[in-house]
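As a plain string of letters, each chain reads:
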Amino acid sequence: MLMQRPSGIAGVTVIALILLAAAIGALAPPYDPTMVDFTTRLSPPSSAHWLGTDEWGRDVLSRLLSGTAVTVAVAGLTTLLVTISGALLGAFSGLAGGWLDRCVVALMDAFLAFPALVLAIAMTAVLAGSSLAPVVALGVAYLPYMVRVVRAHVLTLRGRDFIAASRVMGNSPAYTLLRHVIPNTVAPVLVMSTSLFGWALLAESALSFLGLGLAPPAASWGGMLADSRNYFADAPWLALAPGIAISGALLGINLFGDFCRDYFDRKTKD
Amino acid sequence: MSQQRDPILSVEGLCIATRDGTRIVDDVSFRLGAGQVGALVGQSGSGKTSIGRAILRLLSPGLAITGGAIRFDGHDLATASVAVMRGLRGRRIGAVFQEPMISLNPSLTVGRQMMEALLRHERITPRDARERCLDMLRRVRIADPDRCFGEYPGKFSGGMRQRFMLASVLTTRPALLIADEPTTALDAVIRKEIMDQMLDLTRELGTSVLIVSHDLAMLSQYSDIATVLHQGRVVEQGDTRDILLRPRTDYMRGFVAALPRRVEAAPTGAGARPLIKVQGLDVAFPLKRRTFFSPHRTLRAVKDVSFDIAKGEVVAVVGESGSGKTSIGRALVGLNRATAGSFARTDGPHLKAGGAEWRMPGVQMVFQDQHSSLDPQMTLEQLVAEPLRHDPSMSAAQRLDRARDILAEVGLPGGFAKRYSHELSGGQRQRVGIARAVVARPSLIVADEPVSALDVGVQRQVLDLMMRMRDAYGLSYLFISHDLSVVEEIADRVLVMYRGRIVESGPRDAIFDRPHHPYTRRLLEATPRIFPGGGDSYELAVPPTIAVPAPAGHAYHEPGEGDDDAPLAMITIDGRHQVLCRALT
């Protein structure tokens, strides 16, 4: 199945590359990403510095790899947080119905009224200082999307007779939720999580571009892009490296998301 | 097929294939004369619907006409241009489909939709078009056509919508009407009304009708000639009654033999001690308030219903949709909350309404929609083992063992255990539903229309299985159905529901042979039933019912709105045969 779909292969490859880069960046970057060396300031790509160096003489490849680790960690944790809390909240809300459901929906709609990035910026300001600030900020910003998807799916499931059958057997609501509802929401949740990972990655880059990510000496894609603006004419590689990383990663993740959706569609239609 | 009249529609060697070349209709030919009523008959997958759609050139994407000709009005519809087809559809060929709920556009008024075809195809002023449509609505006996004209379809019942469809299709006086399962979604009484109206009208207009249906008994009342299809091929062609009542081919003999019909009642210990007693059951649903300030209102779906069921007995609940029959079943299994009444086992708990849903041990359910009642993420053995999880004496492995045993018993042995429900056919899924209901050895199974969605042959197998399970495990069934012929075959006793009340109850033979209540009689008269004749032949008849005066001092009560205060009583006719009456004062 995977091998028959070029977009699936491309997506998986890109995601594997990102994870590999993050691992190298976190464990063994070629140079210390924060090491300043004015002798090699703004040098173009060479055999010593494959992607060149920046205005402080730091190795761009090492900074890119270490930035990947940060970005992937933030995006991954955000996705995990949103997926688990969103799926549970959405499933609970859809199953409970009544005023509980209405409260959850109203709250989520209130969050949705703000653009996710604006909400995340506001949250970061509130949580400033904590290294988990971007994760929490993005998590809150994206939670409503997951809740809505899961809740809508649960509402259609709730009308299906196998949920009624579970009640007839005398199963408790909690058991019905865990055994019958959650497993049947895995497909839409996975597809949504993949998109979320992409959004979170982009949003983390945007936050650090605006200087709201990790504090300056640490590397991040958005931060590198922001720094590169002053030297764009003389050192275009500074902008190209994080730019290509961001767009390539997003493209790969979206391809993988499309593949997931097609896969589950076909499986359920079967 | 011999025909004196020139055929108006002539299908010659029609082939329809899917994209990968599988022929789903193979070399089908038939002819339909002017003013004649023809039928395409077959089970699901026989290709009948595709032929109907091919004539309209509205085949679903992925299907294509690969051979043959469809002659109509001097055109070959198999190859006619899109422009020609557009001119024919709606003007010369009309179509009515099964789902009146989805074939009308919910966001346009009934009138707008009716006038569409007229304004499109004829030089006519909107005023005249409106008059023609109103006239047609009157002819399909719609009480207040002017008011209906400006309403949206959502306001009306399925029967009314099908009437609108019919009226709007016939306003252009087409030469050919294609009716694809036009009444399958409707109740018996309404079905008969609509079919009668459809054929009266088309006779008047001289329109030929091609009915596509699986219901041979219904067709034999209305159609002159029939073409029977099986897996895309013609099995038999000819006079409809002949085909049904004197089947010549093996296929038709098997088909007719599988139709449900009355069998001699097995001795079930009439008068045996009841096992289940339901007293004064009421089920009410809160209605949505139109505004926040509107008063709370409720809909009483079930009103003061009492009955009992003995061990091993099959008690059928019949009635039209909305009569409350499903609500009774769902209340007993705890899916609806009873608002009044009690539910007792003579050997166990006595549950009273109020508070939570009823949870009676030993009661299971079989659902109508086999597709939606099985969790798609579970294997068959997991599905069937699930009801056993409340039995602490069994280990997980023992539960799966038992599940596999029951699966084998319902005819899904060995390798089926590890499969998923989407790999099965409709009939197989319903077997899984029955296995799941039976596995925990319940004493009562509530079966809500368990065979209504199945083809005749499969329906026969599932009914046989249900009866075998009853004999093997001493089960009782509350069998909810709108299909009187199935009920006539398997029920020991029948409860006739109408507008939330039981209007008549009694042993099967009493209800079918000596109905008293006017509603029961209407119901029976709307249902043609099949009786064995001599040898291989059969009789199809609607035995006339005889009006019996109500017991002295009483009048039969027809439930309706605002009758909740009338002093009503179930008056005994004889033995256990009872009918709903109102005391005359």
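In this text, all values refer to a predicted model and were calculated from it rather than measured experimentally. (Residues numbered from 1 in each chain as written. Chains lettered and ligands numbered in written order. Predicted model: local features only at pLDDT ≥ 70, side-chain atom pairs only at ≥ 80, totals over all residues. Heavy atoms only, no water.)

**Q** Where do I start with the overall build of chain B in this structure?
**A** Helix and strand content of chain B: 19 helices and 25 strands. Taken over C-alpha atoms, the radius of gyration comes to 26 Å for chain B, in line with the 25 Å a tight globule of 585 residues would show. Oriented by its inertia axes, the alpha-carbon framework of chain B measures out at about 75 × 65 × 55 Å. Within chain B, the proportion of its 585 residues that are buried is 54%. Taking contacts inside chain B between residues at least 6 apart in sequence as the whole, the part at least 24 apart equals 67%. Carbon and sulfur atoms make up 50% of the accessible area of chain B, which totals about 25000 Å². Computing the positive centroid from 74 side-chain charges and the negative centroid from 67, chain B places the two 4 Å apart. (Helix = DSSP H or I, 4+ residues; strand = E, 2+ residues; numbered from the N terminus. Rg over C-alpha atoms; globule rule 2.2 N^0.38 Å. Buried < 20%, exposed > 50% of the residue type's maximum accessible area, 1.4 Å probe, protein only. Contact = heavy atoms within 4.5 Å. Areas by Shrake-Rupley, 256 points an atom, 1.4 Å probe, with all protein chains shown as cover. Lys, Arg positive; Asp, Glu negative; His and termini not counted. Charge placed at Lys NZ, Arg CZ, Asp CG, Glu CD.)

**Q** Which parts of the structure should I look at to understand the overall build of chain A?
**A** When its secondary structure is counted, chain A shows 10 helices and zero strands. C-alpha extents for chain A along the principal axes are approximately 75 × 45 × 30 Å. Buried residues in chain A amount to 45% of all 270 residues. Just so you have it, chain A exposes about 12900 Å², and 71% of that area is on carbon and sulfur atoms.

**Q** Hey, could you run me through the packing of aromatic side chains in this one?
**A** For any pair of aromatic rings, the description rests on two quantities: the centre-to-centre distance and the angle between the ring planes. All names here are of chain A. The full count for this structure, using the stated rule, is eight aromatic pairs over all chains. Seen from their ring centres, Tyr142 and Tyr145 are 6.1 Å apart, and the 50 degrees between their planes marks the pair as tilted. Here Tyr142 and its partner Tyr145 are both found in helix α5 (residues 133-158), three residues apart, which amounts to about one turn of the helix. Note on Phe256 and Phe259: the rings are 6.3 Å apart at their centroids and 35 degrees apart in plane angle, and the pair reads as tilted. Taken as a pair, Phe256 and Phe259 lie in helix α10 (residues 237-269) at a separation of three residues, close to a single helical turn. Among the residues examined, Phe256 registers a relative accessible area of 23% and is labelled partly exposed. (Phe/Tyr/Trp six-rings, centres within 6.5 Å; stacked < 30°, edge-to-face > 60°.)

**Q** What should I look at first to understand the interface of chain B and chain A in this one?
**A** Where interface size is given, it is often the accessible area lost as the parts come together that is meant. Facing the 25 residues of chain B at the interface are 17 residues of chain A. Where chain B abuts chain A, roughly 1900 Å² becomes buried across the two surfaces, and 49% of that area is made up of carbon and sulfur atoms. One can count one salt bridge joining chain B with chain A. Among the salt bridges present, the one from Arg167 of chain A reaches Glu357 of chain B, with a minimum N-O distance of 3.8 Å. In this assembly, chain B and chain A are joined by 11 residue pairs in polar contact (both at pLDDT 80 or more). At three residues, strand β16 (residues 363-366) of chain B tops the list of elements feeding residues into the side of chain B that touches chain A. Its residues assigned to classes, the side of chain B that touches chain A shows nine nonpolar, nine polar and seven charged. (Buried area = accessible area lost by both parts, 1.4 Å probe. Salt bridge = Lys/Arg side-chain N within 4 Å of Asp/Glu carboxyl O. Polar contact = N/O pair within 3.5 Å; in protein donor to acceptor, adjacent residues only side chain to side chain. Nonpolar A, V, L, I, M, F, W, Y, C, P; charged D, E, K, R; others polar.)

**Q** Explain the pairing of strand β20 (residues 501-507) of chain B here, please?
**A** Successive residues of a regular strand alternate their side chains across the two faces of the sheet. Residues and elements named next belong to chain B. With six of its seven residues buried, β20 lies for the most part within the structure. By the bridge criterion, two bridges tie β20 to strand β25 (residues 577-583) in an arrangement that is antiparallel. By the bridge assignment, Glu504 is partnered in β25 with Val579. (Pairing = 2+ DSSP bridges.)

**Q** Whenever I open this one, the pattern of salt bridges confuses me. Can you help?
**A** Side chains that carry opposite charge are capable of pairing whenever their charged atoms lie near each other. Residue and element names in this part refer to chain B. With the rule as written, the count across this model stands at 40 salt bridges over all chains. Between Arg139 and Asp135 there is a salt bridge whose closest N-O contact spans 3.4 Å. Here the residue Arg139 and the residue Asp135 both occupy positions in helix α5 (residues 126-139), the gap between them amounting to four residues, near one helical turn. Arg139 sits in the partly exposed class, given a relative accessible area of 24%. A residue is classified by how much of its surface remains accessible, and Asp135, at 31% relative accessible area, is partly exposed. For Arg522, the salt bridge identified is with Glu558, shortest N-O distance 3.1 Å. Of this pair, Arg522 sits in helix α19 (residues 518-525) while Glu558 sits in the loop between β23 (554-556) and β24 (568-574), and the two are 36 residues apart along the sequence. Through salt bridges with shared partners, a single ionic network connects Arg262, Glu488, Arg508, Asp509, Asp513 and Arg529.

**Q** Mind showing me how you'd approach the sheet that holds strand β1 (residues 7-18) of chain B here?
**A** Hydrogen bonds between backbone groups are what pair the strands of a sheet, and the pairing can be parallel or antiparallel. Residues and elements named next belong to chain B. If you trace the four strands from one edge of the open sheet to the other, you get β2-β1-β4-β5, paired in antiparallel fashion. Of all strands in the sheet, those with a lone pairing partner are β2 (23-33) and β5 (75-76), marking the two edges. Of the strand pairs in this sheet, β1 and strand β4 (residues 63-72) are connected by eight bridges, and their pairing is antiparallel. Bridging across to β4, Ala17 finds its partner in Ala64. Docked against the sheet, helix α1 (residues 48-56) engages β1, β2 and β4, running at close to 115 degrees with respect to β1. (Axes fitted to C-alpha atoms, helices over the stretch in contact; angles between N-to-C directions.)

**Q** I keep staring at the side chain of Glu151 of chain B and nothing clicks. Help me out?
**A** Residue and element names in this part refer to chain B. Mapped onto the elements, Glu151 comes out in the loop between α6 (145-149) and α7 (158-170). You can call Glu151 buried: its relative accessible area is 16%. In this structure Glu151 touches Thr109, Val110 and Phe156, once residues within four positions along its chain are discounted.

**Q** Can you help me understand the environment of Ser205 of chain A in this one?
**A** Residues and elements named next belong to chain A. Summarising the element assignment, Ser205 is placed in helix α8 (residues 186-209). Taking the C-alpha atoms as reference points, Ser205 and Pro134, separated by 71 residues in sequence, lie 11 Å from one another. For Ser205, the residues in contact, after removing those within four places along its chain, are Thr71, Trp221, Gly222 and Ile246.

**Q** Help me understand the nonpolar core in this model?
**A** One broad rule of soluble globular proteins: the nonpolar side chains tend to lie buried together. Residues and elements named next belong to chain B. Counting residues in each nonpolar core, the largest one holds 57 residues, and the members touching the most others are Val432 and Phe479. Counting residues per element, this core draws most heavily on helix α16 (residues 456-473), at six residues. Each residue touching Phe479, except ones within four places of it in the same chain, is listed here: Val314, Val315, Ala316, Val317, Ala447, Pro450, Leu463, Met466, Val486, Val487 and Ile490. Membership of the second largest hydrophobic core comes to 53 residues, among which are Ile142, Met165, Leu166 and Leu259. (Core = buried A, V, L, I, M, F, W, Y, C linked by side-chain atoms within 4.5 Å.)

**Q** Is there a simple way to think about the pairing of strand β13 (residues 314-318) of chain B in this case?
**A** Residue and element names in this part refer to chain B. Within β13, five of the five residues are buried, leaving the element largely enclosed by the surrounding structure. Sheet analysis places β13 next to strand β18 (residues 476-481), joined by five bridges and oriented parallel. If you follow Val317 over to β18, its bridge partner there is Ile480. Relative to strand β19 (residues 493-498), β13 runs parallel, the two being bridged by four bridges. Looking at the pairing, Val318 lines up with Val496 of β19.

**Q** Help me out: how do you make sense of α16 of chain B in this one?
**A** Residue pairs three or four apart in sequence face the same way in an α-helix, which turns once every 3.6 residues. Taking 1.5 Å of rise per residue, the 18 residues of α16 of chain B would be expected to cover 26 Å, and the 26 Å separating its terminal C-alpha atoms lies within 8% of that figure. Val456, Gln459, Arg460, Val462, Leu463, Leu465, Met466, Met467, Met469 and Arg470 of chain B are the residues of α16 of chain B that are buried. (Expected span 1.5 Å × (residues − 1).)

**Q** Please clarify how the confidence of the model for chain B should be interpreted in this entry.
**A** Note that predicted coordinates carrying low pLDDT should not be read in detail. Residues and elements named next belong to chain B. Across chain B, the average pLDDT comes to 87, with 96% of residues at 70 or higher. Looking at the elements of chain B, mean pLDDT is at its lowest for helix α3 (residues 100-103), recorded as 68, and at its highest for β13, recorded as 95. The ipTM for the predicted assembly is 0.76, set against a pTM of 0.81. (pLDDT = per-residue confidence, 0-100.)

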